[in-house]
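Analysis of the macromolecular model
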Amino acid sequence: MTIKNVMVIGAGQMGSGIAQVFAQSGFDVKLNDLSEEALQKGLAHMEKILSRNVEKGRMTEDEKTATLNRVQTTSSLNDASDRDLVIEAVVENMDVKTKVFQQLDQITPKHAILATNTSSLPITDIAAVTDRPDQVIGMHFMNPVPVMKLVEVIRAIQTSDETYATIEEAAKALGKTPVEVNDYPGFVSNRILMPMINEAIYTVYEGVAEPEAIDEVMKLGMNHPMGPLTLADFIGLDTCLYIMEVLYEGFGDSKYRPCPLLKKYVSAGWLGKKSGRGFYVYE
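Rules used in this analysis
Residues numbered from 1 in each chain as written. Predicted model: local features only at pLDDT ≥ 70, side-chain atom pairs only at ≥ 80, totals over all residues. Heavy atoms only, no water. Pairing = 2+ DSSP bridges. Helix = DSSP H or I, 4+ residues; strand = E, 2+ residues; numbered from the N terminus. Axes fitted to C-alpha atoms, helices over the stretch in contact; angles between N-to-C directions. Salt bridge = Lys/Arg side-chain N within 4 Å of Asp/Glu carboxyl O. Buried < 20%, exposed > 50% of the residue type's maximum accessible area, 1.4 Å probe, protein only. Contact = heavy atoms within 4.5 Å. Core = buried A, V, L, I, M, F, W, Y, C linked by side-chain atoms within 4.5 Å. Parallel < 35°, antiparallel > 145°, perpendicular 65-115°, else oblique. Left-handed = near helix turned anticlockwise from the far one by under 90°. Lys, Arg positive; Asp, Glu negative; His and termini not counted. Polar contact = N/O pair within 3.5 Å; in protein donor to acceptor, adjacent residues only side chain to side chain. Right-handed = clockwise from strand over helix to strand, strands pointing away.

Remarks on the sheet that holds strand β4 (residues 85-88)
Across the sheet, which stays open at both edges, the eight strands sit in the order β3-β2-β1-β4-β5-β6-β7-β8 with mixed pairing between neighbours. Looking at which strands have only one partner, the edges of the open sheet turn out to be β3 (71-74) and β8 (177-182). The sheet shows a mean angle of 25° between the axes of neighbouring strands, taken without regard to direction.

In structure tokens:
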């Protein structure tokens, strides 16, 4: 199957980024969100990134205009009725996601592939709520989407070879590098990354070093472009906690136990960059 048109559900940072890379690559895109304010914010974010690309000579003004013209906004899931591919990028909550997939299963054409951008939740369970489990797949983009090359393509136990091949080709058409991953909690990226971040938080909790020192050690000693605590603030401490809880519940292994300090920060509303305070204070 060849994908010609796409709907992205969720106009946040991830969703708008996914919509942008599809539109840049010539796909007809619908960006969906319940909130008109979120849709306009998503479009503004997209336009800001594209304008920066024009300033840096990475694209022309005409290419920017053409990209934006390929994106329509909608607040109705019913507008997915003509889509070849729908990518869900809503809040990381299983109940919310399964409800969306049940609706999409009724609305979209029979040939349509339903993908989720979940960073940790089981694709097999999401696929099971539809009548087309063989056409459900994980398509986990990295943040920021327009910059990062990796797409984890996660096969549910039910995902067909044809569905996988179609999504692999679609990712390549975006200039991304698809990597095949099987359906286990956290997949590859977050199963490795989140315990490292959690351990960095434990080193703060136990008084081993200050956040600045921990980040400096990892940047200078391990050649990481960003320290784990800065990265945690960038991802969102609530998201980090949620993924650690998914890993802990999924594997039942104490090595995935979320650090008490992480829980305390989230309870205090210190969620990182988006709230103005996490392990660092942001203006």
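Observations concerning the pattern of salt bridges
If you walk through the whole model with that rule in mind, you get twelve salt bridges. Residue D161 pairs with R155 through a salt bridge whose shortest N-O separation is 2.5 Å. Look at D161 and you get exposed, because its relative accessible area is 58%. Here K274 ties to D238 by a salt bridge, and the two come within 2.9 Å at their closest N and O atoms.

Quick notes on the environment of P211
Within the secondary structure, P211 is located in helix α8 (residues 211-222). Using a relative accessible area of 9% as the deciding quantity, one classes P211 as buried. Expressed as a C-alpha distance, the spacing of P211 and P228, which sit 17 residues apart in the sequence, is 9.1 Å. The contacts of P211, once residues within four sequence positions are left out, are V204, L229, F279 and Y280.

A few points about the nonpolar core
Core analysis: the largest hydrophobic core is formed by 35 residues, its most contacted members being F22, L85, I87, M139 and F141. Among the elements that line this core, the one with the most residues is helix α1 (residues 13-24), at six residues. Excluding its chain neighbours within four sequence positions, the residues that come into contact with F22 are V6, F27, V29, L85, I87, M139, F141 and L174. Grouped together as the second largest cluster of nonpolar side chains are 22 residues, L229, L237, C240 and I243 included.

A few points about the packing of helix α7 (residues 189-205) against helix α10 (residues 237-251)
Across the interface, α7 lies against α10 with an axial gap of 10 Å and an inter-helix angle of 115°. As far as their axial angle goes, α10 and α7 are roughly perpendicular. For the element pair α7 and α10, the recorded crossing hand is left-handed. When α7 is examined against α10, the residues N190, R191, M194, P195, I197 and N198 are found in contact with a partner set consisting of C240, I243, M244, L247 and F251.

Some thoughts on the side chain of D33
Along the chain, D33 falls in the loop between β2 (28-32) and α2 (36-55). The charged side chain of D33 is buried without a salt bridge, its nearest counter-charge being K41 at 10 Å. Only 2.9 Å separates the side chain of D33 from the backbone nitrogen of A11, close enough to count as a polar contact. When near neighbours in sequence (up to four residues on either side) are disregarded, D33 contacts G10, A11, A38, L39, T74 and S75.

Here we look at the pairing of strand β5 (residues 113-116)
Alternating positions in β5 separate into two faces, I113 and A115 on one and L114 and T116 on the other, with burial throughout. In terms of strand pairing, β4 meets β5 through four bridges, oriented parallel. Its bridge partner lying in β5, V86 is registered against L114. With helix α4 (residues 94-107) bridging β4 and its parallel neighbour β5, the resulting β-α-β unit is right-handed. As paired strands, β5 and strand β6 (residues 136-141) are joined by three bridges and run parallel to one another. When the bridges of β6 are listed, A115 appears paired with I137.

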